[in-house]
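Tertiary structure, described
Letter by letter, the chains look like this.
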Amino acid sequence: MLKIDHLRKNYGSFALDCSLEVQPGCITGLIGQNGAGKSTTFKAVLGLISTDGGNIRIFGKDLKDFSAEDKQKLGVVLSDSGFSGYLTIEDIIPVMESLYPGFDKAFFKEQVKRFQLPKKKRLKDFSTGMKAKLKVLVAISHNAKLLILDEPTAGLDVVARDELLEMLREFMERDEERSILISSHISSDLETLCDDLYMIHEGKIILHEDTDVLLSDYGLLKVDRDQYAGLDKGYILRRKEESYGYSCLTDQKQYYLENYPGIAIEKGNIDEVITMMIRGERL
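Residues numbered from 1 in each chain as written. Predicted model: local features only at pLDDT ≥ 70, side-chain atom pairs only at ≥ 80, totals over all residues. Heavy atoms only, no water.

Looking at an unreviewed UniProt entry, one finds the protein chain named ABC transporter ATP-binding protein, with Candidatus Blautia stercoripullorum as its source organism.

Written out as structure tokens, the structure reads:
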């Protein structure tokens, strides 16, 4: 569906070198700190910025061969894009009809009603949650095959985030060939939504893993210095020195549970994995 191979972009002290792939029927997450390279990657994929090298293929076609018809199959949410704040939802409908032959007007109106979005209110007067829902609704209402969503849940409260994620799940359920690439720094959103995750740090992918594997097989070993000295370190990805000894990240939690019953082993989550991959040291 989407394949990025060593996409490069240089901005002074920042250098992006990113490779990732989104498979048909999958939701892929790109996670990382602000400034890690998520938005730069998305803008390059959409042809909004020039690149310094690498290859991008969408629907099996090179980005430079992408036609206006191909772009109709994309649904996009970017933090700094959207309709004029002086428009209303009633104003947007004819615009969408003219832009997208596949625009589903009945579905769009149904979802506007479902999420209680005011049809006659100017967009500039919408709450943050209303604006976010409308952006995603616009992206999913013209039969897109691939959604590219950059931080769509940023700034939303828990209820608004849950409603927005539900929209995305329903979008996928309606067509098993659809795919989503979504970025976020709110890891809990992606734990329940994504099939696989890429972690980006300082412009480079430092981890790619199936979400289920990350949540089931990764763990944190909490050991004192004596325990650490006697530990098989063959499956330790990162370690971080703590006041009590060491915190160690592993992707083989079960091995340590079976072979070291006396040490404390915590189940990993995405936030902890991110922290350890960024702040922990390699052995």
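**Some details on the packing of helix H5 (residues 128-140) against helix H6 (residues 158-173)**
The criterion, for reference: Only the stretch in contact is used when a helix axis is fitted, and all axes are lines through C-alpha atoms; the angle between N-to-C directions ranges over 0 to 180 degrees. The way it works is that DSSP assigns letters per residue, a run of H or I at least four long becomes a helix, a run of E at least two long becomes a strand, and they are numbered from the N terminus. Note on terminology: angles under 35 degrees are roughly parallel, angles over 145 are roughly antiparallel, angles of 65 to 115 are roughly perpendicular, and the others are oblique. Contacts are assigned to residue pairs with any non-hydrogen atoms lying within 4.5 Å of each other.
Packing of H5 against H6 leaves a shortest axis separation of 10 Å and a crossing angle of 5°. One element, H5, and the other, H6, form an angle in the roughly parallel class. Across the interface between the two elements, Ala 132, Lys 133, Val 136, Leu 137 and Ile 140 from H5 touch Ala 160, Glu 163, Leu 164, Met 167, Leu 168 and Phe 171 from H6.

**Observations regarding H6**
Basically, it comes down to this: Multiplying one less than the number of residues by 1.5 Å gives the expected span of a helix. Partly exposed describes any residue whose relative accessible area lies between the buried limit of under 20% and the exposed limit of over 50%, with all areas from a 1.4 Å probe on protein chains only and scaled to the type maximum. By arc we mean the arc of the directions from the helix axis to the C-beta atoms, nothing more.
Taking 1.5 Å per residue as the helical rise, H6 with its 16 residues ought to reach 22 Å, and the 23 Å between its terminal C-alpha atoms agrees with that figure. For H6, the set of buried residues is Ala 160, Arg 161, Leu 164, Leu 165, Met 167, Leu 168, Phe 171 and Met 172. The buried residues of H6 occupy an angular sector of 145° when projected down its axis, which confines them to one face. Summarising the geometry of H6, the exposed residues directed more than 90 degrees from the buried face are Val 158, Val 159 and Glu 173.

**Side note on the packing of helix H4 (residues 105-114) against H5**
Our working rule: The sense of a crossing depends on the near helix, which, turned anticlockwise from the far helix by less than a right angle, makes the crossing left-handed and, turned clockwise, makes it right-handed. Throughout, the ten residues Ala, Val, Leu, Ile, Met, Phe, Trp, Tyr, Cys and Pro are labelled nonpolar, Asp, Glu, Lys and Arg are labelled charged, and all others, Gly among them, are labelled polar.
With their axes 10 Å apart at the nearest point, H4 and H5 run at an angle of 160° to one another. With respect to their mutual orientation, H4 and H5 come out roughly antiparallel. In the packing of H4 onto H5, the handedness of the crossing is right-handed. For the pair H4 and H5, contact is made by Phe 107, Phe 108, Gln 111 and Val 112 and by Leu 134, Leu 137, Val 138 and Ile 140, respectively. Of the residues contributing to the contact of H4 with H5, the split by class is seven nonpolar, one polar and no charged.

**Thoughts on the side chain of Thr 211**
In plain terms, the rule: Here a polar contact is taken to be a pair of N or O atoms separated by no more than 3.5 Å, where protein atoms must pair a possible hydrogen donor with a possible acceptor and residues adjacent in sequence count only if both atoms sit in side chains.
Tracing the chain through its elements places Thr 211 in helix H8 (residues 211-217). Residue classification places Thr 211 among the buried positions, given a relative accessible area of 1%. Within the local environment of Thr 211, its side chain forms a polar contact with the backbone nitrogen of Asp 196, the two atoms lying 3.5 Å apart. In this structure, Thr 211 is in contact with Leu 190, Glu 191, Cys 194, Asp 195, Asp 196 and Leu 197, ignoring residues within four places of it in sequence.

**Things to note about unusual backbone geometry**
A positive phi angle, near 55°, is found at Gln 116, a position not held by glycine. Residue position: Gln 116 is located in the loop between H4 and H5. Phi at Glu 202 is positive, roughly 50°, even though this residue is not glycine. Mapped onto the secondary structure, Glu 202 falls in the loop between strand S9 (196-201) and strand S10 (204-210).

**Some thoughts on the pairing of strand S12 (residues 236-242)**
Rule in force here: Strand pairing is defined by DSSP finding a minimum of two bridges between the two strands.
Pairing of S12 with strand S13 (residues 245-250) involves six bridges; the strand directions are antiparallel. The residue bridging Glu 241 from the neighbouring strand is Tyr 246, located in S13. Taking the residues between adjacent antiparallel strands as the criterion, S12 and S13 are bridged by two residues.

**A closer look at the sheet that holds strand S11 (residues 219-223)**
Strand order in the open sheet formed by four strands is S12-S13-S11-S14, with antiparallel pairing between adjacent strands. Edge positions in the open sheet fall to S12 and strand S14 (264-267), since each of these has one partner strand only. Between one strand and the next, the sheet's axes are offset by a mean angle of 20°, whatever the strand orientation. Bridge count for S11 against S14 is four bridges, and the pairing is antiparallel. Each bridged residue has a counterpart across the sheet, and for Leu 221 the counterpart in S14 is Ile 265.

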